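# Examination of the molecular architecture
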Amino acid sequence: MERQPQDIAVAVSTVIFALRPHPTTGLSAPWIPVVRRITQPYRERWALPGGWVGTTESLEDAAARNLLETTALQPTYLEQLYAFGEVDRTPTGRVISIVYWALVRPEQAERTAEGDNVRWYPADDLPELAFDHNLIVEYALWRLRTKVEYSRIAHAFLGEEFTLTELRQVYEAVLRKPLDPANFRRQVESSGAVVPTETKVAGGRHRPPRLYRYDHSIQLVDNGPLGHDTAGGIRALD
């Protein structure tokens, strides 16, 4: 059978994670911002930030540009997540979405002011989103929770220096479970991924905790044979 030409549009969307207190438990949890659609289909429905890919820009540049335009965010960590291309995923024609996931620190997340068209939700408690975006977030959460245990992406949620307690709290927020402080300290210190600084946190009634930093000679993640700056791969935006 002869193949018929078909117009296929390419878009990018991004799942942006930040850690914020959960409104019910008060515990730190992953949140994401969503934007209100102003056109059909799914007019007025919340959706992931994104847009079309320009003819002269890379996928990663398109993702970063759309994030900046819709949320004013420039993430610490941006990685390609998956390509979603089911034939019937949009009612207006064939659209393939290249989805990225991004991690931002709390002070960066504050740049995205909530309003009529932008809102933050706990990632595990979302309303019904447009298209297949609930499925996309579910997959992104799974990826975050499986990857945090074997890479140093937790760094993207922290400042340049941090205490081991702050690092453990990031792991607990992402994994949704408490971790034994002593075991966590031993595992982190034996990994060689973090190194102690000469600085300690001042104040408090107890012995001041030491600040640590990540060993910058170690990649944020294992980029594999594609390297660090390949379009569509992984980019750390420190």
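Conventions and cut-offs
- Residues numbered from 1 in each chain as written.
- Predicted model: local features only at pLDDT ≥ 70, side-chain atom pairs only at ≥ 80, totals over all residues.
- Heavy atoms only, no water.
- Helix = DSSP H or I, 4+ residues; strand = E, 2+ residues; numbered from the N terminus.
- Buried < 20%, exposed > 50% of the residue type's maximum accessible area, 1.4 Å probe, protein only.
- Contact = heavy atoms within 4.5 Å.
- Areas by Shrake-Rupley, 256 points an atom, 1.4 Å probe, with all protein chains shown as cover.
- Salt bridge = Lys/Arg side-chain N within 4 Å of Asp/Glu carboxyl O.
- Polar contact = N/O pair within 3.5 Å; in protein donor to acceptor, adjacent residues only side chain to side chain.

What follows covers the overall build of the protein. The helix and strand inventory of the protein stands at five helices and ten strands. Per-residue burial for the protein yields a buried fraction of 45% across its 238 residues. Here the analysis covers contacts within the protein between residues at least 6 apart in sequence; of these, 63% occur between residues at least 24 apart. Total accessible area on the protein is roughly 13300 Å²; 50% of this is exposed by carbon and sulfur atoms.

Let us now look at the pattern of salt bridges. Enumeration over the complete set of coordinates arrives at twelve salt bridges. In this structure, the salt-bridge partner of R143 is E79, at a minimum N-O distance of 3.2 Å. Of the two residues, R143 is situated in helix α3 (residues 133-147) and E79 in strand β5 (residues 77-84); the sequence distance between them amounts to 64 residues. With respect to burial, R143 and E79 carry one shared label: buried. Notably, a salt bridge pairs R89 with D132, separated by 2.7 Å at the nearest N-O pair. Of this pair, R89 sits in the loop between β5 and β6 (95-103) while D132 sits in the loop between β7 (118-122) and α3, and the two are 43 residues apart along the sequence. Across this residue pair, the class does not change: R89 and D132 are buried. Three or more residues are tied together by salt bridges with common partners; here these are E57, R65 and E69.

This paragraph deals with the side chain of R89. Overall, R89 belongs to the buried group, its relative accessible area being 8%. Polar contacts involving the side chain of R89 include one to the side chain of D132, which spans 2.7 Å.

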